[in-house]
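# What the coordinates show
What follows is each chain in one-letter form.
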Amino acid sequence: MLLTVDVGNTQTTLGLFDEGGELVVQWRMATDRTDTADELHERLFGYFLMLGMKMESVTDVAISSVVPILSQQWSYMMTNVLKAEDVLMVDATRDCGIAVGIPDPRQVGADRIANAVAARDSYGPSTIVVDFGTATNIDVVDKTGTFRGGVIMPGLLLSANSLFERAAKLSSVPLVAPEHALGVSTECAVQSGIVIGAACAAEGLVARIKSELGEPDATVVGTGGLAEEITRATDMFDTIDPDLTVRGIYSIWRHRAAKRAARK
Ligand SMILES: Nc1ncnc2c1ncn2[C@@H]1O[C@H](COP(=O)(O)OP(=O)(O)O)[C@@H](O)[C@H]1O
Ligand SMILES: CC(C)(COP(=O)(O)O)[C@@H](O)C(=O)NCCC(=O)O
Ligand SMILES: [K+]
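Keep in mind that what you see is a predicted model, and the values were worked out from it rather than measured.

## Re the coordination of the potassium ion (ligand 3)
For the potassium ion (ligand 3), the full set of protein donor atoms is Asp131 (OD), Ala135 (O) and Asn137 (OD1), at a range of 2.5 to 3.2 Å. In terms of primary sequence, the donors binding the potassium ion (ligand 3) are separated according to D-x3-A-x1-N. Look at Asp131 and you get buried, because its relative accessible area is 9%.

Right, here's the structure in full:
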């Protein structure tokens, strides 16, 4: 089985794929920057126990991480503790099976490359991904199937928390989409600003990107932990695909495995 690990700034999503490429199970844990390799091992062991699965069933590992300190700890744990033979770290400077059309691929977050690969595989070229997590990032695949970059902006929770921290009369409200943009209470006004505001920002940016690319019919896909809530505030998405990043990591692993097999 392939174990995929997607280390985001807020949560880490783990996935297990069977030999046929089916995502068998997926789970999330909080991302804690202070975790050591031993702590990650303990937590992984606990999840396998809970799932009634054996860690020995993992033959391959692929990691996408946007938290460098944890990239090291995960990689060390998989190699030295789990003794995985081959640990793939997603990295846009190595062949991920997609053309990268930006000047310095070293800068790109691994999750954004994974999103682009899965978007191209699942929806074809000319696809725009909006990923609502710690950051809201837009990842663009043009009609030639090339990753073209996109947008990075503060995520909903980050924006909301800064607002609550700095505005003396405001305190935390549930981040759900209100029925109307016109808020008649403090709670509704804040929900409108944060949730509908994030939807409108994404709509506006996607419209501009479509126009800059000259691809008005690009497919628009929503993903990330907060996508389900945003979708209540907009009809911009052709689809919501919560497993996009994890499938991208799988595709990149499969691409590399096929290349390796061809060399043998
Ligand atoms: N299954 C879920 N359904 C709804 N919200 C979720 C789910 N999983 C995570 N979230 C929310 O999404 C946020 C994390 O999103 P995620 O895309 O994992 O961010 P990151 O990749 O930056 O860590 C968290 O604030 C969490 O509350
Ligand atoms: C844009 C991101 C902060 C998104 O992180 P996330 O919200 O998934 O935790 C991450 O992909 C990142 O740190 N990228 C590096 C900069 C770049 O992609 O250009
Ligand atoms: K994100």
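There's plenty left to go through after this.
## Things to note about the environment of Arg120
Looking at the secondary structure, you find Arg120 in helix H3 (residues 110–123). Note on Arg120: relative accessible area 22%, which makes it partly exposed. The sequence separation of Arg120 and Ile98 amounts to 22 residues, and the corresponding C-alpha distance is 8.7 Å. Once residues within four sequence positions are removed from consideration, Arg120 is found in contact with Gly97, Ile98, Pro125, Val141 and Gly145. Among the polar contacts made by the side chain of Arg120, one reaches the main-chain carbonyl oxygen of Gly97 at a distance of 2.9 Å.

## Digging into the site of ligand 2
What surrounds ligand 2 is the set Gly8, Asn9, Val66, Gln107, Val108, Gly109, Asp111, Arg112, Thr134, Ala135, Asn137 and Ile152. Between ligand 2 and Arg112, the relevant distance is 3.0 Å, taken from an oxygen atom to a side-chain nitrogen or oxygen of the residue. Between ligand 2 and Thr134 there is a distance of 3.3 Å, counted from an oxygen atom to a backbone nitrogen or oxygen. Alone, ligand 2 offers 470 Å² of accessible surface; in the complex the protein occludes 77% of this. Here ligand 2 is seated within the largest pocket. Of all the elements in the fold, those that place two or more residues in the shell around ligand 2 are H3 and strand S8 (135–141). When its residues are assigned to classes, the shell around ligand 2 shows four nonpolar, six polar and two charged. Taken together, domain 1 (1–88) and domain 2 (121–244) each give at least three residues to the shell around ligand 2, which thus spans both.

## Here we look at the nonpolar core
In this structure, Val130, Phe132, Ile138 and Ile230 are the most contacted members of the largest nonpolar core, which totals 26 residues. Of all the secondary structure elements, the ones that give two or more residues to this core are strand S7 (127–132), S8, helix H4 (156–166), helix H5 (186–213) and helix H6 (227–230). The element that contributes the greatest number of residues to this core is H5, accounting for nine residues. Residues in contact with Val130, not counting those within four places in the same chain, are Thr136, Asn137, Ile138, Ala202, Val206, Val220, Val221, Gly222, Thr223, Met236 and Phe237. Judged by nonpolar contacts, the second largest core, of 25 residues, contains Met1, Leu44, Met55 and Met77.

## Side note on the UniProt feature "binding site: substrate" (unreviewed entry) in the chain
Mapped onto the present numbering, the UniProt feature "binding site: substrate" (unreviewed entry) falls at Gly109, Ala110, Asp111, Arg112 and Thr186. For this annotated set, covering 78 residues, the C-alpha atoms extend up to 38.2 Å from each other, a dispersed arrangement in space. Checking the annotated residues one by one, the ones that line the largest pocket turn out to be Gly109, Asp111 and Arg112. Assignment of secondary structure puts Arg112 in helix H3. Setting aside residues up to four positions removed in sequence, Arg112 forms contacts with Asn137, Ile138, Asp139, Phe147, Gly149, Gly150, Val151 and Ile152.

## So, the packing of aromatic side chains
Under the criterion given, the structure shown has five aromatic pairs. Where Phe17 meets Tyr250, the ring centres are 4.6 Å apart and the plane angle is 20 degrees; that geometry is what we call stacked. One end of the pair, Phe17, is in strand S2 (residues 11–17); the other, Tyr250, is in helix H7 (residues 244–263), and 233 residues separate them in sequence. Tyr250 gets classed as buried once you look at its relative accessible area, which sits at 11%. Grouped by ring-pair contacts, the aromatic residues Phe17, Tyr250 and Trp253 constitute a single cluster.

## Here's the deal with unusual backbone geometry
Its identity as a non-glycine residue notwithstanding, Lys83 has a phi of 60 degrees, on the positive side. Given a relative accessible area of 61%, Lys83 falls into the exposed group. Even without being a glycine, Ser126 presents a positive backbone phi close to 60 degrees.

Rules and cut-offs
Residues numbered from 1 in each chain as written. Chains lettered and ligands numbered in written order. Predicted model: local features only at pLDDT ≥ 70, side-chain atom pairs only at ≥ 80, totals over all residues. Heavy atoms only, no water. Donors = N, O, S within 2.8 Å, 3.2 Å for Na, K, Ca; no water. Buried < 20%, exposed > 50% of the residue type's maximum accessible area, 1.4 Å probe, protein only. Helix = DSSP H or I, 4+ residues; strand = E, 2+ residues; numbered from the N terminus. Contact = heavy atoms within 4.5 Å. Polar contact = N/O pair within 3.5 Å; in protein donor to acceptor, adjacent residues only side chain to side chain. Near = heavy atom within 4 Å. Areas by Shrake-Rupley, 256 points an atom, 1.4 Å probe, with all protein chains shown as cover. 1 Å grid on protein atoms, 1.4 Å probe; cavity = no way out; pocket = protein on both sides within 12 Å on 5 of 7 lines; lining within 4 Å. Sits in = over half its atoms within 2 Å of the grid points. Nonpolar A, V, L, I, M, F, W, Y, C, P; charged D, E, K, R; others polar. Domains from an automatic or database assignment. Core = buried A, V, L, I, M, F, W, Y, C linked by side-chain atoms within 4.5 Å. UniProt positions renumbered as here; feature names shortened; annotations may be inferred. Phe/Tyr/Trp six-rings, centres within 6.5 Å; stacked < 30°, edge-to-face > 60°.

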